[in-house]
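Spelled out from the first residue to the last, the chains are:
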Amino acid sequence: MLQTTLILVGALAGIWVVKTVIEWRRVVQSIQDYPGLRYVFGLESFLIRSRIPFISAGNFGAWTYKHQDFVDHDSDIISSVRVWRRPAVTYLIADAEALKEITNARHRFPKPLHQYKVLTFYGSNIVVTEADEWKRHRKITAPSFSERNNRLVWDETISIVQELCQVVWKGQNEIAIDNIVDLTVPMALYVIGVAGFGRRMSWVEDMSIPAGHSMFFRDALHTVSNDLWIKVIIPSLILKYAPIPRVRKFYTAYNELERYMFEMIEARRNAEKREERYDLFSSLLDANSSESEGALTDSELMGNIFVFLIAGHETTAHTLAYTFIMLALYQNEQDILYQHIKSVLPDGRIPSYEEMGKLYYSMAVFQETLRMFPPVNGIPKYSEEDTTLMTRSMTGEPRAVPCPKGTALLIHTPGLHYNPRYWEDPYAFKPARFLGDWPRDAFLPFSGGARACLGRRFSETEGVAILTYIIAHFQIVVKEEPQFAGETFDQRKERLLKSRAALTLFPVKAPLVFKRR
Ligand code: HEM
């Protein structure tokens, strides 16, 4: 009996191997064996983080190797052919001209929607739709990102940082933060709370939980955005009864957030006189109620506002964390920024939204951080037709890349942002490169074309406001710790910039000190 079973299993395994080899050869031939990575598990595999010869390209490979994979295969577009779960090819793209063509032709190069399931929990939305459905969402959501909203982002961001510096840190001249994301994540959460959801939150919570709820809105928002992965891996039924405290807390937070959002929709809909408000949620509800055809359902409204939360708070928070780390490491750059802020605001007053343009060095620092640490390391697309992409070798010779219909494409942001064809000395932190004429097509932290980030201005406004206020009032330095006393600058830099990626790239643990000026 055992022998028969073994023979059967062996035969099935043999059939699988033969089938896979035939399929692999077909896939490789379909792209004329265009140079690139050949691994059992591709870059997109959830399973293995590191690169292992022949086995795994490593799901952290885009960040780890940046432009090096392109150099190794002598092309700014390379293929990545995997075996598991079925042989398939993905083109990794670090060529600005090819990416311009791809991002500008959304019908020819749409998004692979099946990869976006994690963002559909509360309802369909602008990020997870394509074609006419996307247009319907975009028409109602885009107007929320208005100048009035940007002004609100600015004013509220300033008051959030002001409360932190003047109330929470009152009387302290040196504030040590053991992990910088523990500061930037709540900061960004409070900003999206008020400018996104219209709910002001405070560092010093003194209110009680509203009737009918078991959690503060702030905590529900934080828990859901932090632990969304739980919903991805645990089926709903198990989620409800899971005995693990973290899972139970997530389950409560998920339902609480849904209830809060539903109440907010009802309150605005039933209000006799609507207050003039410019947070994203209020504007979205107003735009929807004046829409006769194509209006969004309640679930779609919640889906959109939820996606603003997910897209909008971690990305900005992590970018700010890297910004503070780089400024702590490069004191000369911090000083240039400080001097610039002082030249714009010599009397130390609080800048207004109208003055944001004058604070261009703060913006340059934020942009240089986004270039070096793009929060989204890979933006997926696919080809809707048989086509050929054009690129170049490292010496500039043209290369034609065969791209059959259905081929997966990846905007490889680290490859593009560290490509020396566009960025001189790409590993150096040089905010000033963003002051003059810089290669806009080679800068895609927010993606590009029609499907580019709707919240770009929101996050730039928030970033410039926080950076300007903090640097005007504090010098940021790396926390001195006895166990790291003998380390060199390079070791310290490597330690502070050690990163991981969940939804977005983030620094693992960077302890910094804020010294009041
Ligand atoms: C540093 C901050 C940010 C970065 C790096 C960033 C990055 C991105 C990227 C790469 C995309 C394209 C995603 C894709 O094609 O799958 C995107 C789309 C989007 N982002 Fe952002 N984002 C940031 C901040 C924000 C903020 C603050 C909001 C809202 C408050 C926001 C809302 C959106 C929306 C709604 C889309 C979908 C646009 C569409 O498909 O038409 N983002 N973002």
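Keep in mind that this is a model prediction, so the values were computed, not measured. (Residues numbered from 1 in each chain as written. Predicted model: local features only at pLDDT ≥ 70, side-chain atom pairs only at ≥ 80, totals over all residues. Heavy atoms only, no water.)

**Concerning the site of the ligand**
Line of reasoning, step 1. Neighbouring the ligand are 29 residues, the closest being Y116, W134, R138, R451 and C453.
Line of reasoning, step 2. Here an oxygen atom of the ligand and a side-chain polar atom of W134 are 2.9 Å apart.
Line of reasoning, step 3. Of all the elements in the fold, those that place two or more residues in the shell around the ligand are α5 (131–141), α13 (298–329) and α17 (456–473).
Line of reasoning, step 4. Of the residues forming the shell around the ligand, the biggest block, six residues, is contributed by α13.
Line of reasoning, step 5. Split by residue class, the shell around the ligand holds 19 nonpolar, seven polar and three charged. (Near = heavy atom within 4 Å. Polar contact = N/O pair within 3.5 Å; in protein donor to acceptor, adjacent residues only side chain to side chain. Helix = DSSP H or I, 4+ residues; strand = E, 2+ residues; numbered from the N terminus. Nonpolar A, V, L, I, M, F, W, Y, C, P; charged D, E, K, R; others polar.)

**Describing the UniProt feature "binding site: heme" (unreviewed entry) in the protein chain**
Line of reasoning, step 1. Using the residue numbers shown here, the UniProt feature "binding site: heme" (unreviewed entry) corresponds to C453.
Line of reasoning, step 2. Mapped onto the fold, C453 is located in the loop between α16 (413–417) and α17. (UniProt positions renumbered as here; feature names shortened; annotations may be inferred.)

**Focus on the environment of T141**
Line of reasoning, step 1. Position of T141 among the secondary structure elements: in helix α5.
Line of reasoning, step 2. With relative accessibility at 0%, the residue T141 sits in the buried group.
Line of reasoning, step 3. Along the sequence, T141 and L301 sit 160 residues apart, while their C-alpha atoms lie 9.1 Å from each other.
Line of reasoning, step 4. Other than its neighbours up to four places away in sequence, T141 contacts I126, L284, N304, F308 and L454. (Buried < 20%, exposed > 50% of the residue type's maximum accessible area, 1.4 Å probe, protein only. Contact = heavy atoms within 4.5 Å.)

**Re the packing of helix α15 (residues 360–372) against α17**
Line of reasoning, step 1. The geometry of α15 relative to α17 is characterised by a closest axis approach of 9 Å and an angle of 115 degrees between their N-to-C directions. Comparing their axes, α17 and α15 come out roughly perpendicular. When you trace α15 past α17, the crossing you get is right-handed. Side by side, α15 and α17 meet where S362, M363, V365 and F366 of the first sit next to S459, E460, G463, V464, L467 and T468 of the second.
Line of reasoning, step 2. Its residues assigned to classes, the contact of α15 with α17 comprises five nonpolar, four polar and one charged. (Axes fitted to C-alpha atoms, helices over the stretch in contact; angles between N-to-C directions. Parallel < 35°, antiparallel > 145°, perpendicular 65-115°, else oblique. Left-handed = near helix turned anticlockwise from the far one by under 90°.)

**Digging into the packing of α5 against α13**
Line of reasoning, step 1. Two elements in contact, α5 and α13, have axes whose closest approach is 12 Å; the angle formed by their N-to-C orientations is 70 degrees. Put simply, α5 runs roughly perpendicular to α13. Residues E133, R136, H137 and T141 of α5 form the contact with α13, whose participating residues are E300, N304 and F308.
Line of reasoning, step 2. For the contact of α5 with α13, the class distribution of residues is one nonpolar, three polar and three charged.

**So, the sheet that holds strand β3 (residues 88–93)**
Line of reasoning, step 1. Spatially, the five strands line up as an open sheet ordered β1-β2-β3-β8-β5, and their pairing is mixed. Looking along the sheet, the strands with just one partner apiece sit at the ends: β1 (36–41) and β5 (378–382). When strand polarity is set aside, the average angle formed by the axes of neighbouring strands in this sheet is 25 degrees.
Line of reasoning, step 2. For β1 and strand β2 (residues 77–84), the ladder comprises five bridges, and the chain directions are parallel. Directly across from R38, in β2, lies its bridge partner V81.
Line of reasoning, step 3. Packing against the sheet, helix α1 (residues 2–30) makes contact with β1, β2 and β3, and its axis sits at approximately 165 degrees to β2. (Pairing = 2+ DSSP bridges.)

**Observations regarding the nonpolar core**
Side chains of nonpolar character tend, in soluble globular proteins, to be buried together.
Line of reasoning, step 1. Core analysis: the largest hydrophobic core is formed by 143 residues, its most contacted members being L257, I470, L512 and F514.
Line of reasoning, step 2. Of all the elements, α13 adds the most residues to this core, at 18 residues. (Core = buried A, V, L, I, M, F, W, Y, C linked by side-chain atoms within 4.5 Å.)

**What to know about the side chain of R106**
Line of reasoning, step 1. Examined against the element boundaries, R106 turns out to sit in the loop between α4 (96–104) and α5.
Line of reasoning, step 2. E130 provides the closest opposite charge to the buried, salt-bridge-free R106, at an N-O distance of 4.6 Å.
Line of reasoning, step 3. When neighbours within four sequence positions are excluded, R106 is seen to be in contact with E130, A131, W134, K135, A450 and R451. (Lys, Arg positive; Asp, Glu negative; His and termini not counted. Salt bridge = Lys/Arg side-chain N within 4 Å of Asp/Glu carboxyl O.)

**A closer look at the side chain of E481**
Line of reasoning, step 1. Tracing the backbone through its elements, the reader meets E481 in the loop between β9 (474–478) and α18 (489–496).
Line of reasoning, step 2. The exposure class assigned to E481 is buried, which follows from its relative accessible area of 15%.
Line of reasoning, step 3. Not counting chain neighbours up to four residues away, the residues in contact with E481 comprise R495 and P511.

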